[in-house]
Structure formats: C-alpha cells, structure tokens
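This is what each chain is made of:
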Amino acid sequence: MFVRALSLRDFRSWDALGLNLRPGCTVFVGPNGHGKTNVLEALGYLSTLSSHRVSSDAPLIRTGTAQAFAGATVVNTGRELTVDLELNEGKSNRARINQSPTRRPREILGILQTVLFAPEDLSLVRGDPGDRRRYLDELLTSRIPRMAAVRADYERVLRQRSALLKTAGGALRRSSRGGGRPSEDGASALATLEVWDGHLAAHGAQLLAGRLHLVHDLAPHLAESYQSLAPESRPASIRYRSSLGSSLPPEFTAPARAPEAGDIAFLEERFLQELSVMRSKEIERGVCLVGPHRDDLELHLGDTPAKGFASHGESWSFALSLRLAGFALLRADGSDPVLMLDDVFAELDRKRRRALAKVALDAEQVLITAAVPEDVPEELDAVRFGVEARDTDRGRISHILEETEDRRDG
Ligand SMILES: Nc1ncnc2c1ncn2[C@@H]1O[C@H](COP(=O)(O)OP(=O)(O)OP(=O)(O)O)[C@@H](O)[C@H]1O
C-alpha cells in the first residue's frame, strides 16, 4: 500500500500541509526541530491511533488551537480509501472514512498500515515492559483490527476491577483495625469482585491468545531480521512472559504452538484460577496482579537477556529487527505496509545502513526523515522535500520548502 495524499491542519507545528506522495522513497530533509517527525507521527497516528512519542493527544494539537486534523488517501492493491481524523481538545476525537463519519475512531484501524522505526525505539530493548507490550498490541491491531475492541474492553474492565480492589482493600484494613466486620462498601466490593474476575479473564484470555499467536508468528521473522543486520552477533530470539506463570503451558510461550480460537476457554480458566490464587495479595496491595497488563516480551541474544546486557549497537539492531520483523509479518499476511524511518540512518554503521537500505528499497513506499541529505543512503534519496519552520505571529510554523524530483536520474 502507499499514501497518495496527506493533509494536516494544526497538527503539531503544521498549520496547513497538503502533500501528494508516490510509491518508492520520499525523504524529508531539514534542520532538527523543524517538523519532519511531526509528518511521520501524523501518519503513524492514522495507522495506530496513538503517537510513538506521547501518550495523550493534547501535544499533537498545535499550540493555541483546539482542534487538529490529519487525513490520508491510501491506495491498497488499486483500491483507494481516504481516512481522516479530528483531534479535539477536551472532547472525543472523530474519524471519517471516505467522508462518512465512523461510530468510533478505531474503525479506521487497518486501512493504513505503517511500520515506524524511530530513535525512541531503543526503549523496546532498554525500556519498561510497557513499551514492549505497546509494540505487540499495535502490531496485533494492525494485523487484526478487531483486537482494538478487545484491548479497549480489557482496559475498561481492568480500571473498574483495580478501583474495586482498592475499595475492598481499604475497607478490610479499616475493619481489621477496628476488629469488626468489613464496611458495607467493602463487603459489596468483595461481592462484586467475582463478577469482574469473570470479565477480566474473558477479555484477558482473548488478548493473551492474540499476543501469543503474534509472538509465535513473529519469532522467525525476528531471528531472520537480526541475522541480516548483525550476522556477527549471537542469534536473537523473543519469548512471551505471562503473569499466569506456570499456569500457562510452556508450549505457548516457547513458542512452539500458537493458541487457536479453541484454546481461549482454556486460557480463561487458567486466568480465573490464577486470580483466585492471587486474590488476597491483590486486595492487600489494591492492584490487579494478573493479566496481559503485567506481561512482557523477553528479548534474548543467545542465552543472555538483551536488556541490561546488549551493547549499544546490539540494542539498536534488536530494536530495528523488531520493527523489520513486524514489517515482514504484515507483508507475509498479504499487504505491504508503509515503512517510515525517522532519522535513523545517522545512528547505524555502514553494514547496518546497507541492510536497512535493502529492505527499504524493496518496500512499496518508504518515508524517511534526515537532518542532512548525506545521512540517507544515495539509493534511497529519490524524491526529496525540504522542511523548514519559520517564526510567525501565530507561533513557529513548519513549511515545505521545495520538492526535488528523482535525483537518482539526474
Ligand atoms: N503542539 C505543538 N504546537 C506547535 N508546535 C509544536 C507542537 N508540538 C511540537 N511542536 C514543534 O515541532 C517542532 C519539532 O518537530 P519535529 O519533532 O517534527 O522535528 P524534526 O524536524 O523531526 O527534528 P529532529 O530532526 O530533531 O527529530 C518543535 O519546534 C516543536 O516546538
């Protein structure tokens, strides 16, 4: 697939941008902080409904305005669809597909598939488990858009159940200090907890099965990508670590077998079992200790965990391999996602640059940002847009300076 047109209004530093894009390589060049990443971030948002840099929408809306707009026309095997999104300060966001409003923004998921590799990705290796869970979940919803609803349901139930655990824990502590029975609030929270256990296990088992299946399918692509980027290093592997611990058969996490739809009931039962084992600890601490929100994706180089042991170069290669594995997996599923490389060539040595350039040349569309043209391998420097931000009375606004056509021909 490729993005044929992109338009932005009041998105980050862009007050108005209308760009026609083509398949192949497009490079955005300009000094640091002038608005290049903002363009990729907008496309990433249309693809995942989240930003790779911030967890809330507010920073995406241009300072001094209350609404941002991003829209893209996507061509996928000859079929064209236009998606657009309105981000509203303090109000729900709204999305449209071919001008028709959707009931929920998440209905646009899957129309634009992107794989973005950015300097922030080092946190996939060095950061917290939450960064790796986000990586998995974004890839999962890109692959299977209906999983966005499962995630949303799971998160809603998790919030409710966590609030109940806090109420129950507080009430129990108060009553044990007073030597009496739990208060009415506490007793009702305890009684309701069982119902929420059921909801949490039902949605959690679906999310867990989705992630386990994903890791199973992703693992060979990851090993292959890492091998091509760093053939001299130890082999890379991934493994899902579930908070269900030994309740989960090792065949699912090895990952020797991908769970199928028929396994969900089994996972749900294990989930419920583990919740009952952890019940008193959860109430005591007032937090939900079991479920996909506590899981992690373990990364290994040979037998060693990558986190804490991998060198800077190895960590970069691992992070890039995770992205490239996602790209290869979406491709193997039948659609070619848009590859976006945000200021990453300057960080890579010659060998890794060459390996990445090879993948990029093979993609249907690649969007690259760089501070200077020399950072981009020559074979990828096809269409180039200069980006510059200027100070105006409405603040600092980004502009496209010029478009340079296929430099490799002339
Ligand atoms: N909500 C916002 N409103 C207005 N301007 C913003 C907003 N968010 C970010 N900016 C501006 O956008 C610019 C950063 O843009 P961006 O991250 O795209 O830079 P870049 O060209 O990719 O830089 P680098 O090469 O350093 O990555 C900064 O000048 C910042 O002040």
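Predicted, not measured: the structure shown is a model, and the values here were computed from it. (Residues numbered from 1 in each chain as written. Predicted model: local features only at pLDDT ≥ 70, side-chain atom pairs only at ≥ 80, totals over all residues. Heavy atoms only, no water.)

A.B. asks: Lay out the overall build of the chain in plain terms, naming residues and giving numbers.
C.D. replies: When helices and strands are counted, the chain shows 9 helices and 15 strands. Its C-alpha atoms give the chain a radius of gyration of 23 Å, near enough to 22 Å, the size a compact globule of 410 residues would have. Across its three principal directions, the C-alpha atoms of the chain cover 85 × 55 × 40 Å. Within the chain, the fraction of its 410 residues that count as buried is 53%. (Helix = DSSP H or I, 4+ residues; strand = E, 2+ residues; numbered from the N terminus. Rg over C-alpha atoms; globule rule 2.2 N^0.38 Å. Buried < 20%, exposed > 50% of the residue type's maximum accessible area, 1.4 Å probe, protein only.)

A.B. asks: Residues and numbers for the site of the ligand, please.
C.D. replies: Around the ligand, the structure places 16 residues, and the nearest of them are Gly-33, Lys-36, Thr-37, Asn-38 and Pro-59. Contact between the ligand and Thr-63: a nitrogen atom at 2.9 Å from a main-chain N or O atom of the residue. Taking 660 Å² as the accessible area of the ligand by itself, protein coverage stands at 73%. Considering only residue class, the shell around the ligand consists of 3 nonpolar, 8 polar and 5 charged. (Near = heavy atom within 4 Å. Polar contact = N/O pair within 3.5 Å; in protein donor to acceptor, adjacent residues only side chain to side chain. Areas by Shrake-Rupley, 256 points an atom, 1.4 Å probe, with all protein chains shown as cover. Nonpolar A, V, L, I, M, F, W, Y, C, P; charged D, E, K, R; others polar.)

A.B. asks: Describe the pattern of salt bridges, listing the residues and the values that go with them.
C.D. replies: By the definition in use, this model includes 28 salt bridges. A salt bridge links Asp-333 to Arg-143, with the shortest nitrogen-to-oxygen separation between them at 2.6 Å. Of this pair, Asp-333 sits in the loop between α8 (312-332) and β12 (338-342) while Arg-143 sits in helix α3 (residues 129-143), and the two are 190 residues apart along the sequence. Exposure remark for Asp-333: the relative accessible area of 42% places this residue in the partly exposed category. Between Arg-161 and Asp-197 there is a salt bridge, with the nearest N and O atoms lying 2.7 Å from each other. One end of the pair, Arg-161, is in helix α4 (residues 147-178); the other, Asp-197, is in helix α5 (residues 184-229), and 36 residues separate them in sequence. By the burial criterion, Arg-161 is buried, and Asp-197 matches it. In this structure, a network of salt bridges that share partners links the residues Arg-132, Arg-241, Asp-296 and Glu-298. (Salt bridge = Lys/Arg side-chain N within 4 Å of Asp/Glu carboxyl O.)

A.B. asks: Describe the confidence of the model for the chain, naming the residues involved and giving the relevant values.
C.D. replies: When pLDDT is averaged across the chain, the result is 91; 95% of the residues are at 70 or more. Across the whole predicted complex the pTM is 0.91, and at the interface the ipTM reaches 0.97. (pLDDT = per-residue confidence, 0-100.)

A.B. asks: Tell me about the sheet that holds strand β15 (residues 395-404), residues and numbers included.
C.D. replies: Working definition: the strands of a sheet are paired by backbone hydrogen bonds and lie parallel or antiparallel to each other. One open sheet holds the 6 strands; their spatial order is β8-β12-β13-β3-β14-β15, and the pairing between them is mixed. Edge positions in the sheet fall to β8 (114-117) and β15, since each of these pairs with one other strand and no more. Pairwise comparison of adjacent strand axes, ignoring direction, gives a mean angle of 20° for this sheet. Across 8 bridges, strand β14 (residues 383-392) lies against β15 in antiparallel orientation. Residue pairing across strands places Glu-388 opposite His-399, the latter belonging to β15. Most of the contacts of α8 go to β8, to which it runs at about 170°, and overall it touches β8 and β12. (Pairing = 2+ DSSP bridges. Axes fitted to C-alpha atoms, helices over the stretch in contact; angles between N-to-C directions. Contact = heavy atoms within 4.5 Å.)

A.B. asks: Quick one: what's the story with the UniProt feature "binding site: ATP" in the chain, residue by residue and with numbers?
C.D. replies: The sites that carry the UniProt feature "binding site: ATP" are, in the present numbering, Gly-30, Pro-31, Asn-32, Gly-33, His-34, Gly-35, Lys-36 and Thr-37. Structurally, the position occupied by Asn-32 is in the loop between β3 (24-29) and α1 (36-48). Once you skip the residues sitting within four places of it in the chain, Asn-32 turns out to touch Asp-343 and Ala-371. Tracing the chain through its elements places Lys-36 in helix α1. Those residues within four positions of Lys-36 in sequence are excluded, and the remaining contacts are Phe-28, Val-29, Gly-30, Pro-31, Thr-369, Ala-370, Ala-371 and Val-387. (UniProt positions renumbered as here; feature names shortened; annotations may be inferred.)

A.B. asks: Report on the sheet that holds strand β5 (residues 79-88), specifying residues and quantitative values.
C.D. replies: In space, the 6 strands of this open sheet follow the order β2-β1-β4-β5-β6-β7, with antiparallel pairing throughout. In this open sheet, the two strands that pair with only one neighbour each are β2 (14-20) and β7 (100-101). Of the strand pairs in this sheet, strand β4 (residues 67-76) and β5 are connected by 10 bridges, and their pairing is antiparallel. The residue bridging Gly-71 from the neighbouring strand is Asp-84, located in β5. Sheet contacts for α1: β1 (2-11), β2, β4 and β5; angle to β1, the most-contacted strand, approximately 105°.

A.B. asks: Provide a residue-level description of the side chain of Ser-315, including the pertinent values.
C.D. replies: By secondary structure assignment, the location of Ser-315 is in helix α8. Look past the residues within four positions of Ser-315 in its chain and what remains in contact with it is Leu-122, Val-125, Arg-126 and Ala-310.

A.B. asks: Lay out helix α7 (residues 264-285) with the relevant residues and their values.
C.D. replies: At Met-278, α7 shows its maximal bend, which comes to roughly 60°. Those residues of α7 that sit buried are Leu-267, Phe-271, Glu-274, Leu-275, Met-278, Arg-279, Glu-282 and Ile-283. Just past α7, the residue Gly-286 takes up positive phi, approximately 70°. (Bend = angle between axes of the 7 residues up to and from the residue.)

A.B. asks: How would you explain the environment of Val-150 if you had to name every residue and give the values?
C.D. replies: The topology assignment puts Val-150 in helix α4. In this structure Val-150 comes out as buried when scored by relative accessible area, which is 8%. Spatially, the C-alpha atom of Val-150 lies 29 Å from that of His-300, the residues being 150 residues apart in sequence. Val-150 has contacts with His-203, Gln-206 and Leu-207, leaving out every residue within four places of it along the chain.

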